[in-house]
Structure formats: structure tokens, C-alpha cells
Amino acid sequence: MTKNFKQKKEQFDEMRARIRSRASDLNVEKSVATVESIKAATKRAAAGEEANTPTVDLSKFGAGIDGSPDPEDELTDEQMAEIDKVGQLNIVEQVKEELKNTRFPTPSATLKQAVLMLVIFFVTAGVILKADEFLRYQYTDWGFIPRAGEVLDYSDLSLPEGFTDQMTDNDLANL
């Protein structure tokens, strides 16, 4: 890894220089206020005091809140072309570039994935079927559901008054 870093050191130095140049163009400076405010807040917290004034400078936030973009934040066409080289190509060239950089799975990786899916399917199906079988036997032992082939006697069951009023002779024969 350090070998790779040493090989690209010039490239990294050039990138740092470009970042510093861009930061100076945008008047971005290192903030010591943040470090100082953290130290002061830590001291106040240790002493159990509350902040008298807000410690965050909220005037830096809110640029463009009304929906209008800040012109300083917009990229030029040259900057956009430098950042997104593929996006500047026509659609056919973009597709070619994307397909060139796409790594498709090998047949062995696809086969491994399919076998794993089958194993998961059969294990899950086995667990569900065994749980169903256990519950079926348990519930029949407790008497919640009748056993297969068991005929229950409903001869002492009386229907409520008027239950058969709307039934035809055919319906009554099937009772």
C-alpha cells in the first residue's frame, strides 16, 4: 500500500495544490473558532453552566434557503466537464463506457448463488412444514381441532327459533 502511495505521491500533491487553490479562490479558511467553541462548551459542561449566547454562528447558514441558488455555488461548464467526463459524452458512448466498467458475475458465482438460494428455500420449507405438523398434532391432542376421520355427534344440538324459515326443502334435506 505504501508502494502504491509513493508511486502516486506526485498526483496526490497536485490534487492537494488544486484543493488549496480552489479553497483560496472561494475564500475558505481553516476555522479555529470551532475548536475554541468546543473547548469553551466542554469547560461550561464540566462546570454545569449553560451557554449565555448561541455558540454556533447561524449567519453562515441559510444562503439560498428561499429556493434561489447561490451563484457562487454553481459550477462552470468547464468544471462540470472536468468532474463528469462520461456525462459529457453522447448516450451511446455513455452506455459503452458504463458496460466497459461493469463487472458481470461469473458462471460459477451465479451457480453458487443459485445453490445457496435452493438450500435456504429447502431449509425454510422444512422448518415451516415441521412446525405445522407439530402444531397440528398438538392442537388435536388438546382437542382444539378434530382428528382426521373423527365424526362429531351434534344430535343434541338445537337450532335457534326461526333458523330454517328462509330454507327450501332441498336445504332442509342437507341439514
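Conventions adopted
Residues numbered from 1 in each chain as written. Predicted model: local features only at pLDDT ≥ 70, side-chain atom pairs only at ≥ 80, totals over all residues. Heavy atoms only, no water. 1 Å grid on protein atoms, 1.4 Å probe; cavity = no way out; pocket = protein on both sides within 12 Å on 5 of 7 lines; lining within 4 Å. Points joined across faces, edges and corners; volume = space filled by probe spheres on them. Helix = DSSP H or I, 4+ residues; strand = E, 2+ residues; numbered from the N terminus. Nonpolar A, V, L, I, M, F, W, Y, C, P; charged D, E, K, R; others polar. Expected span 1.5 Å × (residues − 1). Phe/Tyr/Trp six-rings, centres within 6.5 Å; stacked < 30°, edge-to-face > 60°. Buried < 20%, exposed > 50% of the residue type's maximum accessible area, 1.4 Å probe, protein only.

### Brief notes about the layout of surface pockets
If you roll a probe as big as a water molecule over the atoms, it shows you where there is empty space left. Of the pockets and cavities examined, the largest pocket occupies roughly 250 Å³. Surrounding the largest pocket, Arg18, Ile19, Arg22, Leu75, Gln79, Glu82 and Ile83 form its lining. Secondary-structure elements contributing two or more residues to the lining of the largest pocket are α2 (9-25) and α4 (77-83). Taken together, the residues of the lining of the largest pocket sort by class into three nonpolar, one polar and three charged.

### Side note on α2
An α-helix turns once every 3.6 residues. As a result, residues three or four positions apart point the same way. The terminal C-alpha atoms of α2 lie 24 Å apart, and with 17 residues this matches the ideal 24 Å at 1.5 Å per residue to within 8%. After α2 finishes, the residue asparagine 27 shows a positive phi value of roughly 60°.

### What to know about the packing of aromatic side chains
Following the criterion strictly, the structure yields four aromatic pairs and no others. Aromatic pair phenylalanine 121 and phenylalanine 122: ring centres 5.2 Å apart, planes at 70°, arrangement edge-to-face. Taken individually, phenylalanine 121 and phenylalanine 122 each receive the classification exposed, so the pair is uniform in this respect. With a centroid separation of 5.9 Å and an interplanar angle of 45°, the aromatic rings of tyrosine 139 and tryptophan 142 are classed as tilted. Of the two residues, tyrosine 139 and tryptophan 142 are both situated in helix α6 (residues 107-142); the distance of three residues between them amounts to about one turn of the helix. Classification of tryptophan 142 as exposed rests on a relative accessible area of 53%. Put simply, the rings of Tyr139, Trp142 and Phe144 touch in pairs and so form one group of aromatic residues.

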